[in-house]
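If you want the building blocks of each chain, they are given just below.
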Amino acid sequence: MNSNEYNAVISQLIPTTFNNIYIIDMMSDLVMEYGFENNLFVLKNTIPFTTFYTDLENNIHPQDIKGYVDSISSTFLQENLNKGFEHIRYEYRLRLESGEYDWYSNVTKLINVNGKKLTLVLVENINENIASGDTSKYELELLQAQQKNIIDVVSSAIVKLNNVININAGTTNLEIKSLTEYINQVLVELTNSFPEITKNLTESMIRSTNQGTEKTLVIVDDDPVTCKLLTKTFEDTYKILVANNGQEAIELLEKNNSVTSTKGTNKIVGMFLDLNMPVVDGFGVLDYMSSKNLLSKMPVIIISGDYDQQTKDRAYLYRIADVLEKPFNVQVVKHRIKTFVKLYKTNNSLNEVVLTQHQDIKNVVRTMVKSYLYDNSNDIKKVSTYVNILTKQLTTDYPEYKIDDIRIKKITDASKFYNIGMYALPSKMLEKEEFTGEENKIIKGHPFIGLSIFNSVLYKGTDSIFNHYAKDIIEYHEEHYDGTGYPYGYKGDKLPIAPQIVSVAIEYNELTKKMNEDLVLEEIVKQSGTKFNPHVVESLKKCISEIRNVK
């Protein structure tokens, strides 16, 4: 399934049901990992099965590994299917970054995709009391029976969606004629099997799948033949707007930006885009659309000329819907755009409902962010100033990091949010000198809290470069160069450079509160190569006089 093909209904209603979802093809040595990203159900990674198996051996408790491997074997599943067991539930212990283990549950079943038997694995966190034996076997079986309903519905929906929107199959015969009908069917199955989620559904949400489709498509290409062909293909169904270069496309989008919401009667519902054009190329258009958050609101289909694979891969990084190869098959193109328009329309309608419902929560989070900036203004000002000085020096000393003046400013600006996740933790807990294991676990989770806050309210109105650095700093500033930090234990070159710079600036700021300024540099140098990147420490030594003058 393409990364842009997700089930909007499922991703909005139950994003926390599963930690990960895998489709395993042992015969082809392939594992596809699905997950939730920005509340969307997407393909996160594709890896060889051998790599997946190696990770299992490293991360699953030795006493559980055999049972786990058995539970994902297609042969084992087929044997149980023959005995009347549709799928297998298996509890196991997964290794955490701290070296401890936590209980998880696998639900594995045999699925059939395009005639090939594959293993579907749904991974979910389970209640610790259940795992520790505090709940009776009878209660556990009741809970599992309840979970089974929603897992069956969702896993079935995933497989069906793979067949409904199989754009790589090159076929015009969809198994389900109407995607709207399919989504409504999933809604009904979910609410029947899992009544407690009914409150998350509104009449307007279901009605949105049946509303009429606005009629505007945009064609962006400097080739008049292509423009005429696509216009002729769609002029009976859609209003067509044509732009002959990227600048015209951007101007057209700016003019129609107000109608790209789910409201309005002349909404732009999709775009065909050439990459090689004069004035502004297709990537310039994609950059503009990304900055305005338009790529999530409308499908963009790239019109492919003789593009090499590197160019196509670069285009897919923007989360485009598809690449349309020349020569065109008119019927295939019609089916593709119809499917994409309905899928994006449904997603936009659902997103609008969810955003409306959660606006009050976002306002509370914004207030908390303002409090964080006010309460920590002195530390934030000093750390960001240190980061600015240190980044400039590092760029001079090590040009291979390729940090230009614009990126220096973005890193400096982004650094002020480094501790936003910690601010959300209980202040009384942080005042303690020693922490329990559970408290340590909470504290080590603050980068994820910070990311959640950033993704909820802070990213809007900012550019992609700032967002990139802000997320890196929030997520990785507690990592150590030698891999002893958290939350992932990444080390060396696997760590982005921005959080490595910020971690040194944070340390300098904290040490100056505890010891004589002359001793601070000496203390940081001691940790070069362990806690801190040696390059950053060397640059700190060169700009220490300027840093010491910061007030």
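Okay, so let's go over this structure.

What counts, and where the lines are drawn
- In this numbering scheme, every chain counts its residues from 1 along its sequence in written order.
- Owing to the predicted nature of the model, reporting of local features is limited to residues with pLDDT of at least 70; listing and counting of side-chain atom pairs is limited to 80 or more, with chain, interface and lining totals taken over all residues.
- Heavy atoms throughout the structure, all of them, feed into the side-chain values; hydrogens and water do not.
- Two strands qualify as a pair provided that DSSP identifies no fewer than 2 bridges between them.
- In this text, helices come from DSSP runs of H or I with a minimum length of four residues, and strands from runs of E with a minimum of two, each type numbered from the N-terminal end.
- Axes here refer to lines fitted to C-alpha atoms; in helices the fit is confined to the stretch in contact. Angles between the N-to-C directions go from 0 to 180 degrees.
- Between two residues, a contact is recorded if the distance between any of their heavy atoms is within 4.5 Å.
- Each residue is assigned to one of three classes by its accessible area relative to the maximum for its type, calculated with a 1.4 Å probe on protein chains only: buried under 20%, partly exposed between the two thresholds, exposed over 50%.
- Two kinds of site are reported from a 1 Å grid over the protein atoms alone, namely cavities, where a 1.4 Å probe fits but cannot get out, and pockets, open sets with protein on both sides within 12 Å along at least five of seven lines, and residues are called lining when an atom falls within 4 Å of a point.
- Grid points are joined across faces, edges and corners, and a volume is the space filled by probe spheres set on the points.
- Note on residue categories: nonpolar means Ala, Val, Leu, Ile, Met, Phe, Trp, Tyr, Cys or Pro, charged means Asp, Glu, Lys or Arg, and polar means any other residue, Gly included.
- For the handedness criterion, the strands are oriented away from the viewer, and a crossover whose path from the first strand over the helix to the second runs clockwise is classed as right-handed.
- Throughout this description, a polar contact denotes any pair of N or O atoms lying within 3.5 Å of each other; where both atoms belong to protein, one of them has to be capable of donating a hydrogen while the other can accept it, and for residues adjacent in sequence the pair is counted only when both atoms sit in side chains.
- Buried Ala, Val, Leu, Ile, Met, Phe, Trp, Tyr and Cys residues that are joined via side-chain atoms within 4.5 Å together make up what is termed a nonpolar core.
- Salt bridge, as applied in this entry: a Lys or Arg side-chain nitrogen positioned within 4 Å of an Asp or Glu carboxyl oxygen.

**What to know about the sheet that holds strand β11 (residues 322-325)**
With parallel pairing, five strands are arranged side by side in an open sheet as β8-β7-β9-β10-β11. The open sheet has two edge strands, β8 (239-243) and β11, and neither has a second partner. Taking the axes of each pair of neighbouring strands and ignoring which way they run, one obtains an average angle of 25° across the sheet. Two strands pair when backbone bridges link them, and strand β7 (residues 216-220) and β8 are joined in this way by five bridges, in the parallel orientation. Looking at β8, one finds that V220 is bridged to A243. On the sheet, helix α11 (residues 282-291) packs against β9 (268-274) and β10 (300-304) and is oriented at approximately 150° with respect to β9.

**Let's talk about the pairing of strand β1 (residues 20-25)**
Buried residues dominate β1, accounting for six of its six residues. Of the two faces of β1, the one holding N20, Y22 and I24 and the one holding I21, I23 and D25 are both buried throughout. Taken together, the five bridges between β1 and strand β6 (residues 116-125) define a ladder with antiparallel strand orientation. Bridged to N20 within β6 is V123.

**Structural notes on helix α16 (residues 405-414)**
Within α16, burial applies to I408, I411, T412 and A414. Contacts made by the buried residues of α16 are with α15 (377-397), α21 (464-476) and α22 (497-511).

**What about empty space enclosed by the protein?**
Taken as a whole and judged by the stated rule, the model has two cavities of 30 Å³ or more. When the residues that make up the lining of the second largest cavity are grouped by side-chain class, the tally is three nonpolar, four polar and two charged.

**Notes on the pairing of β11**
Note that β10 and β11 share four bridges and pair parallel. The residue bridging I302 from the neighbouring strand is V323, located in β11. Handedness of the β-α-β unit built from β10, helix α12 (residues 309-316) and β11 comes out right-handed.

**Description of the environment of H477**
Of note, H477 is situated in the loop between α21 and α22. We classify H477 as buried; its relative accessible area is 5%. Taking the C-alpha atoms as reference points, H477 and P447, separated by 30 residues in sequence, lie 8.2 Å from one another. Among residues more than four places away in sequence, those in contact with H477 are Y418, N419, H446, D472, P499, S503 and I506. One polar contact links H477 to H446, side chain to side chain, over a distance of 3.5 Å.

**Structural notes on the nonpolar core**
Core analysis: the biggest nonpolar cluster contains 48 residues, and V369, F417, I501, I524 and L540 have the highest contact counts within it. If you tally residues by element for this core, the top one is α22, at nine residues. Non-local contacts of I524, meaning those with residues more than four positions away in its chain, are made with V504, E507, Y508, L511, F532, V537 and L540. Membership of the second largest hydrophobic core comes to 29 residues, among which are V218, L273, I302 and I320.

**Concerning the pattern of salt bridges**
One pass over the full model with this rule turns up 13 salt bridges. Note that D102 is salt-bridged to K441, the shortest N-O span being 3.6 Å. Of the two residues, D102 sits in strand β5 (residues 101-113) while K441 sits in helix α19 (residues 437-443), which places them 339 residues apart along the sequence. Residue D102 is classed as buried on the basis of its relative accessible area, which comes to 9%. In this structure, E538 engages K541 in a salt bridge whose closest nitrogen and oxygen atoms are separated by 3.2 Å. Here K541 and E538 lie together in helix α24 (residues 534-542), a separation of three residues that amounts to about one turn. Residue E538 is classed as partly exposed on the basis of its relative accessible area of 34%.

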